Amino acid sequence: MALPAEKPRYTFADALTWDEGERAELIDGEVILMAPAPSRVHQGISGEIFRQLGNYLKGKKCKVYAAPFDVRLFEVDGDRPEDVDTVVEPDITVVCDPSKLDERGCKGAPDMVVEILSPSTQRHDRFTKFCLYQRAGVREYWIVDPDNRIVQSFVLEDGRYSVKEFGAAGDKIKVNVLEDCVIDLSEVFSEA
């Protein structure tokens with residue numbers, strides 16, 4: 001990615017000027033380049049979780065979005081693009097408050113995010129994004145590990161994440177922020 005002249009802090013306003021084919025996240029004003037296109041297995045897992053969530057949410061207030069979908073975690077009403085220095089692109093995002101949605105994605109913390117690990121993103125997803133989503137107030141965070149065929153679900157309680165669910169291929173795992181929603185991991189990991 002060819003960034004404009006080196007800056008001490010980038011914002012969403014800068015990101016809006018970059019080539020659409022380039023994928024990057026902003027975390028506290030720092031540009032984090034995205035890995036090349038995800039693997040076929042990663043895409044299959046993402047598609048299946050998205051499908052199950054989408055089927056459950058059909059006709060409901062909450063909406064599910066697959067990457068690429070910009071989430072401006074700390075944006076509040078009145079912020080301009082140049083005020084926003086954190087923009088992430090979760091693999092899957094669930095938003096239940098329609099006022100958080102605009103033509104550019106989600107402003108503020110969504111209700112749930114799902115990150116699917118790949119060799120180049122494990123540390124970023126397990127540590128950096130874990131802390132970021134917790135700080136932003138994302139109510140539920142799933143980390144999906146295709147290599148080990150497991151899902152960890154973290155739920156925000158008193159401002160901190162605690163492990164709520166742990167599931168492996170063949171299990172069914174509850175989505176805690178959506179009443180009666182269960183994801184069948186035998187379908188999610190059918191190709192993994």
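Residues numbered from 1 in each chain as written. Predicted model: local features only at pLDDT ≥ 70, side-chain atom pairs only at ≥ 80, totals over all residues. Heavy atoms only, no water.

K.L.:
How should the state of the cysteines be read in this particular structure?
P.N.:
Enumeration according to the criterion identifies one disulfide in this entry. Of all cysteine sulfurs in the structure, the one in Cys 106 sits closest to Cys 131, which takes part in no disulfide; the separation is 20 Å. Here Cys 181 stays unpaired: no disulfide links it, and the sulfur of Cys 62, its closest cysteine neighbor, is 9.8 Å away. Using a relative accessible area of 1% as the deciding quantity, one classes Cys 181 as buried. (Disulfide = S-S within 2.5 Å. Buried < 20%, exposed > 50% of the residue type's maximum accessible area, 1.4 Å probe, protein only.)

K.L.:
So what exactly am I meant to see when it comes to the nonpolar core here?
P.N.:
What tends to happen in soluble globular proteins is that the nonpolar side chains get buried as a cluster. Residues Leu 53, Val 94, Val 175, Leu 178 and Ile 183 are the most contacted members of the largest nonpolar core, which totals 24 residues. Elements with a minimum of two residues in this core: helix H2 (40-57), strand S5 (92-95), strand S8 (112-116), strand S9 (140-145), strand S12 (172-175), strand S13 (181-184) and helix H4 (185-188). Considering every element that reaches this core, the biggest residue donor is H2, with four residues. Those residues in contact with Ile 183, other than ones at most four positions away along the chain, are Gln 52, Leu 53, Trp 142, Asp 171, Lys 172, Ile 173, Val 175 and Val 188. In terms of nonpolar packing, the next biggest core, distinct from the first, is built from 19 residues, Cys 106, Ala 109, Tyr 133 and Tyr 141 among them. (Core = buried A, V, L, I, M, F, W, Y, C linked by side-chain atoms within 4.5 Å. Helix = DSSP H or I, 4+ residues; strand = E, 2+ residues; numbered from the N terminus. Contact = heavy atoms within 4.5 Å.)

K.L.:
How should I be thinking about the pairing of S8 in this particular structure?
P.N.:
In summary, the side chains of a regular strand alternate between the two faces of the sheet. Burial within S8 is extensive, with five of its five residues counted as buried. Residue alternation in S8 divides its side chains into two sets, Met 112, Val 114 and Ile 116 and Val 113 and Glu 115, and both sets are buried. In this structure, S5 lies alongside S8, joined through three bridges in antiparallel fashion. Bridge pairing in S8 places Ile 92 opposite Val 114. In the classification by handedness, the crossover that spans S8, the intervening helix H3 (residues 122-136) and the parallel S9 is right-handed. (Pairing = 2+ DSSP bridges. Right-handed = clockwise from strand over helix to strand, strands pointing away.)

K.L.:
Help me out: how do you make sense of the pattern of salt bridges in this one?
P.N.:
Pairs may arise between side chains of opposite charge once their charged atoms sit close together. Per the counting criterion, the structure on display carries 13 salt bridges. Asp 77 is the partner of Lys 107 in a salt bridge, and the nearest nitrogen-oxygen pair spans 3.4 Å. Here Asp 77 lies in the loop between strand S4 (71-72) and S5 and Lys 107 lies in strand S7 (residues 105-107), a separation of 30 residues in the sequence. A residue is classified by how much of its surface remains accessible, and Lys 107, at 21% relative accessible area, is partly exposed. One salt bridge in this structure joins Lys 164 and Glu 157, with 3.1 Å as the shortest N-O distance. (Salt bridge = Lys/Arg side-chain N within 4 Å of Asp/Glu carboxyl O.)

K.L.:
Honestly, the environment of Tyr 56 in this entry has me stumped. Any pointers?
P.N.:
With respect to the element layout, Tyr 56 can be found in helix H2. A C-alpha to C-alpha distance of 6.7 Å links Tyr 56 and Cys 181, two positions 125 residues apart in sequence. With sequence-adjacent residues up to four places away left out, Tyr 56 is seen in contact with Leu 178, Glu 179, Asp 180 and Cys 181.

K.L.:
What's the story with the pairing of strand S10 (residues 150-157) in this structure? I'm lost.
P.N.:
Burial of S10 is extensive: six of the eight residues sit out of reach of the surface. In this structure, S9 lies alongside S10, joined through six bridges in antiparallel fashion. Counterpart to Tyr 141 in the pairing with S10 is Phe 154. Hairpin geometry of S9 and S10 is characterised by an intervening segment of four residues between the two adjacent antiparallel strands and by a positive phi of about 55 degrees at Arg 149. Where S10 lies against strand S11 (residues 160-168), eight bridges are found, and the strand directions are antiparallel. Note on S11: the bridge partner recorded for Val 155 is Ser 162. Turn length for the S10-S11 hairpin, with the two strands adjacent in sequence and antiparallel, is two residues, and the turn residue Asp 158 shows positive phi of about 55 degrees.

Any link to function would need more than the numbers given here.
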